[in-house]
Amino acid sequence: MKKKKWSIALAVLVIGAAGIYFYLNQPARDIASEEASFVLTENQLDTDFKNNDSLANLKYADKTIEYTGTISRLIPQTHSADVDQKTVVIFKDSLLPKDIKEKQKVTFKGRFVGYDDLMQEYQIDQVTIVKK
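Residues numbered from 1 in each chain as written. Predicted model: local features only at pLDDT ≥ 70, side-chain atom pairs only at ≥ 80, totals over all residues. Heavy atoms only, no water.

## Concerning the overall build of the chain
Phase 1: In terms of regular secondary structure, the chain is built from three helices and six strands.
Phase 2: Along the chain, helices (α) and strands (β) appear in the sequence α-β-α-α-β-β-β-β-β when read from the amino end.
Phase 3: Computed over its C-alpha atoms, the radius of gyration of the chain comes to 21 Å, more than 25% above the 14 Å expected for a compact globule of 132 residues.
Phase 4: Seen along its three principal axes, the alpha-carbon backbone of the chain occupies a region of about 75 × 35 × 25 Å.
Phase 5: Relative to its 132 residues, the chain shows a buried fraction of 28%.
Phase 6: Summarising the internal contacts of the chain: among those between residues at least 6 apart in sequence, 56% fall at separations of at least 24.
Phase 7: Entry remark: accessible area of the chain is about 9100 Å², with carbon and sulfur atoms responsible for 57%.
Phase 8: Each charge class in the chain was averaged separately, 19 positive and 18 negative side chains, and the resulting centres sit 11 Å apart. (Helix = DSSP H or I, 4+ residues; strand = E, 2+ residues; numbered from the N terminus. Rg over C-alpha atoms; globule rule 2.2 N^0.38 Å. Buried < 20%, exposed > 50% of the residue type's maximum accessible area, 1.4 Å probe, protein only. Contact = heavy atoms within 4.5 Å. Areas by Shrake-Rupley, 256 points an atom, 1.4 Å probe, with all protein chains shown as cover. Lys, Arg positive; Asp, Glu negative; His and termini not counted. Charge placed at Lys NZ, Arg CZ, Asp CG, Glu CD.)

Structure representation (structure tokens):
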């Protein structure tokens, strides 16, 4: 009887350890291949965050969004860009795409990180270009 209890305990331990291992070693999200949860512009984000920033954060945080805006400034050092002077997009690749320029209207897809109250800007990372 004692052997049976030890066998069951060992089996539960092994299954639990395997479950934890596979949970912790999941592959990273591929935002570029995900379907966008929301298709937005700066005006829509502003409206949602002005109405209720807590609900807007719950709605958009860590979601894949498609965002259309005009590039205000390219920042090669951080492979990012300012869009509509209120949104910072950080590109997935370590280099800025060569075919984008300032004052160009572009649609991006990326993961919405959140709104920075101090800098008063939206942040989107893992960004890829959908269309120019």
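## A look at the nonpolar core
Here is a general trend for soluble globular proteins: nonpolar side chains tend to be buried in one another's company.
Phase 1: Counting 19 residues, the largest nonpolar core has Leu45, Val89, Phe108 and Phe112 as the members making the most contacts within it.
Phase 2: Listing elements by their share of this core, those giving two or more residues are helix H2 (42-51), helix H3 (53-60), strand S2 (64-75), strand S3 (80-83), strand S4 (87-91), strand S5 (105-116) and strand S6 (121-131).
Phase 3: Apart from residues no more than four positions distant in its own chain, Phe108 is found in contact with Ile65, Glu66, Tyr67, Ile71, Val83, Val89, Phe91, Val127, Thr128, Ile129 and Val130. (Core = buried A, V, L, I, M, F, W, Y, C linked by side-chain atoms within 4.5 Å.)

## As for helix H1 (residues 2-24)
Phase 1: In this model H1 runs 33 Å from its N-terminal to its C-terminal C-alpha over 23 residues, within 8% of the 33 Å that 1.5 Å per residue would give.
Phase 2: Taken across its 23 residues, H1 has zero buried, putting it largely on the surface. (Expected span 1.5 Å × (residues − 1).)

## Regarding the packing of aromatic side chains
Phase 1: Under the defined criterion, the tally for this structure stands at ten aromatic pairs.
Phase 2: Residues Phe49 and Phe112 carry aromatic rings whose centres are separated by 6.0 Å and whose planes lie at 40° to one another, so their mutual orientation is tilted. Placement of the pair is Phe49 in helix H2 and Phe112 in strand S5, with a sequence separation of 63 residues.
Phase 3: According to the relative accessible area criterion, Phe112 is buried, its value standing at 0%.
Phase 4: A ring pair is formed by Tyr115 and Tyr122, whose centres lie 4.9 Å apart and whose planes are at 50°; its orientation type is tilted. (Phe/Tyr/Trp six-rings, centres within 6.5 Å; stacked < 30°, edge-to-face > 60°.)

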